[in-house]
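# Structural features, examined
Here are the chains, one letter per residue:
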Amino acid sequence: MTVEYHAPRTDADFGFTHPAKVWVQLESAAGHSTVFLAMDHVRQLAEQLPDLLMEHDAAEHVRTEQVAAEKSATEPKAA
């Protein structure tokens, strides 16, 4: 993954100001995707990521507990 900040800049030829943005490139075995995010979207994403990570960690914990319970249920009981 590549993430780059691009500061606002003015195009001298056209006098147009390009707003600040963040460039994100994600790579996988299937190829890659590139996204430019406006700073408002970057801020929204930054606010939501902690909750998403906690939700993911909780789901992983539940799954680990389920696997352990299933394994325990199939193991022979000691006499």
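Everything here concerns the structure above.
Being a predicted model, the structure only gives us computed values, none of them experimental. (Residues numbered from 1 in each chain as written. Predicted model: local features only at pLDDT ≥ 70, side-chain atom pairs only at ≥ 80, totals over all residues. Heavy atoms only, no water.)

## A word on the overall build of the protein chain
Defined as follows: A helix here means a DSSP run of H or I that spans at least four residues, while a strand means a run of E at least two residues long, and both kinds are numbered starting from the N terminus. The atom set for the radius of gyration is the C-alpha atoms, and the globule formula is 2.2 Å times the number of residues raised to the power 0.38. Exposure categories follow from relative accessible area, calculated using a 1.4 Å probe and restricted to protein chains: below 20% of the type maximum is buried, above 50% is exposed, and the middle band is partly exposed. Two residues form a contact once any of their heavy atoms are found within 4.5 Å. Only four residue types enter the tally: Lys and Arg on the positive side, Asp and Glu on the negative side, with His and both chain ends excluded. All charge positions are set by atom: Lys at NZ, Arg at CZ, Asp at CG, Glu at CD.
For the protein chain, the helix and strand inventory stands at one helix and five strands. When the helices and strands of the protein chain are placed in sequence order, the string is β-β-β-β-β-α. In summary, the protein chain has a C-alpha radius of gyration of 23 Å against a globular reference of 12 Å for 79 residues, an excess of more than 25%. Principal-axis analysis of the C-alpha atoms places the extent of the protein chain at approximately 85 × 30 × 10 Å. In the protein chain, which comprises 79 residues, the share counted as buried stands at 10%. A separation threshold of at least 6 residues defines the contact pool for the protein chain, and within that pool the share at least 24 residues apart is 6%. Where the 6 positive side-chain charges of the protein chain centre and where its 13 negative ones centre are 4 Å apart.

## Topic: the sheet that holds strand β4 (residues 21–28)
To keep it simple, the criterion reads: At least two DSSP bridges between two strands are required for those strands to pair. Every axis corresponds to a line fitted to the C-alpha atoms, with the helix fit spanning only the stretch in contact, and the corresponding angles, defined between N-to-C directions, vary from 0 to 180 degrees.
Read across the sheet, three strands follow the order β1-β4-β5 without closing on themselves; strand pairing throughout is antiparallel. Looking along the sheet, the strands with just one partner apiece sit at the ends: β1 (2–6) and β5 (31–38). On average, adjacent strands in this sheet sit at an angle of 15° to one another, irrespective of strand direction. Judged from the eight bridges that link them, β4 and β5 form a sheet pairing that is antiparallel. By the bridge assignment, S28 is partnered in β5 with G31. Packing against the sheet, helix α1 (residues 39–74) makes contact with β1, β4 and β5, and its axis sits at approximately 105° to β5.

## Points about a nonpolar patch on the surface
What counts, and what does not: A patch consists of residues whose relative accessible area exceeds 30% and which take part in no salt bridge; residues with like charges are grouped when within 9 Å of each other, and nonpolar side chains (Val, Leu, Ile, Met, Phe, Trp, Tyr) when within 5 Å. Areas reported here follow the Shrake-Rupley algorithm with a probe of radius 1.4 Å; residue values treat only the protein chains shown as occluding. The working definition used for a salt bridge is a side-chain nitrogen of Lys or Arg within 4 Å of a carboxyl oxygen of Asp or Glu.
A contiguous nonpolar surface patch, about 350 Å² in accessible area, is contributed by L45, L49, L52 and L53. Assignment of secondary structure puts L52 in helix α1.

## With respect to the pairing of β4
Direction of pairing for β1 relative to β4: antiparallel, over a ladder of five bridges. In the strand pairing of β4, H6 is matched with K21.

Spatial relationships are all this shows, so hold off on functional conclusions.
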